[in-house]
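Residues per chain are reported as follows:
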Amino acid sequence: MRALPLFHFLWFVPSLLLLAWAERQWPMLALAFFVLLTLTLGFAHGAMDIFLLRDARNKLNVKTCSIYALACAASLAVLAPWPGVALIALILLSVWHFGEQAHFEHAGQPGAWLLRAVQGGSSVMLPALLSPSELLPQVQSIAQGQASWVWPLWVGMAGLWCALLTAAFVLIKPWLKGVEKTLWIELTVLIVLNLLLSPVLAFALFFGIYHSGAHIWRMRQMHQREGKPWPGGLLAATVALTWLSLAALLWWMSEQTFEQQDTTLLLRWLIVALAAVTLPHLILISSCRQRLFA
């Protein structure tokens, strides 16, 4: 068992260094990874919400599904014209959602909310602290005219998160507690990712592979514990419907741009789409977290 972490270290470090070298040779690699991983594993893990929308008889609850779909559609309608607002909304929702595991593992303890903020904010706050010069052009391309207030707000939130991280170290003393190891290992890996890679590529790997992959694995484990068959056909249909909705959103956003060659459209499109679906997704995950994290 002790050889397992060493094995992962031996393949992870060379792969990460190779990826860092490749990104320096082909800067568009970051956007390609972000688009590919988000459209596949990213939205597939969100499409699995359809499994959690079934009732006690394992039937789809029409009312709940309708509310979920309307929430996504309403969020898209509100956020699509305001990509800067969508970016800030995605950051705030990520702090809540990505910290779900830490809050679940320490529910009822004094430091639960602090750990939630630290774990949830690490993937979205570290880029503003470690790579501000690389991140600012991305924010300007996403938020466009709204970047004048979006960027200072993001930097301010990153500073607040850094203060919370310091408080977590002082008050909780993570080196003395085994139950928080996942949180601190995750934080360490994210620091390494953001030091070696661009903010877009670092987040793509965290969200697309780690977060989405872990959620897919938890869903499989949940089905096995509950003795339910894996509904692959339902998942495929939901993913197909998701892609159709994303295509419609991309078409609508492309119609609104007045630039002949808008190379940043893909990034704004995915930020708006992720922000729109994250709110209903995180509410559903929070309500079902006992089933998922058991």
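The structure presented is a predicted model; accordingly, all values stated were derived computationally and were not measured.

Q: Help me out: how do you make sense of the packing of helix α8 (residues 132-143) against helix α9 (residues 147-172) in this one?
A: For any two helices packed against each other, the geometry is given by the interaxial angle and the distance between the axes. Close contact between α8 and α9 brings their axes to 9 Å; oriented N to C, the two are set at 140°. On the basis of the axis angle, α8 is oblique to α9. In the crossing of α8 with α9, the sense of the turn from one axis to the other is right-handed. Across the interface between the two elements, P132, L135, L136, V139, Q140 and A143 from α8 touch A147, V150, W151 and W154 from α9. Taken together, the residues of the contact of α8 with α9 sort by class into nine nonpolar, one polar and no charged.

Q: I would appreciate a short explanation of unusual backbone geometry in the present structure.
A: Note: most peptide bonds trans; most residues except glycine with negative phi. Phi is positive for Q144, which is not a glycine, with a value near 55°. Residue Q144 is classed as partly exposed on the basis of its relative accessible area, which comes to 38%.

Q: In this structure, what is going on with the packing of helix α5 (residues 83-97) against helix α7 (residues 112-130)? I would like to understand it.
A: Contact geometry for α5 and α7: axes closest at 7 Å, N-to-C directions at 135°. The orientation of α5 with respect to α7, classified from their angle, is oblique. You can see that α5 and α7 cross each other, and the crossing is right-handed. Seen from α5, the contacting residues are I91, S94, V95 and W96; seen from α7, they are W113, R116, A117, G120, G121, V124 and M125. Here the contact of α5 with α7 is built from residues that sort into seven nonpolar, three polar and one charged.

Q: Can you walk me through α7 in this structure?
A: Side chains of residues three or four places apart in an α-helix project in the same direction, reflecting 3.6 residues per turn. The terminal C-alpha atoms of α7 lie 26 Å apart, and with 19 residues this matches the ideal 27 Å at 1.5 Å per residue to within 8%. S122 marks the point of greatest bend in α7, at about 65°. With respect to burial, α7 is a largely interior element, 16 of its 19 residues being buried.

Conventions adopted
Residues numbered from 1 in each chain as written. Predicted model: local features only at pLDDT ≥ 70, side-chain atom pairs only at ≥ 80, totals over all residues. Heavy atoms only, no water. Axes fitted to C-alpha atoms, helices over the stretch in contact; angles between N-to-C directions. Helix = DSSP H or I, 4+ residues; strand = E, 2+ residues; numbered from the N terminus. Parallel < 35°, antiparallel > 145°, perpendicular 65-115°, else oblique. Left-handed = near helix turned anticlockwise from the far one by under 90°. Contact = heavy atoms within 4.5 Å. Nonpolar A, V, L, I, M, F, W, Y, C, P; charged D, E, K, R; others polar. Buried < 20%, exposed > 50% of the residue type's maximum accessible area, 1.4 Å probe, protein only. Expected span 1.5 Å × (residues − 1). Bend = angle between axes of the 7 residues up to and from the residue.

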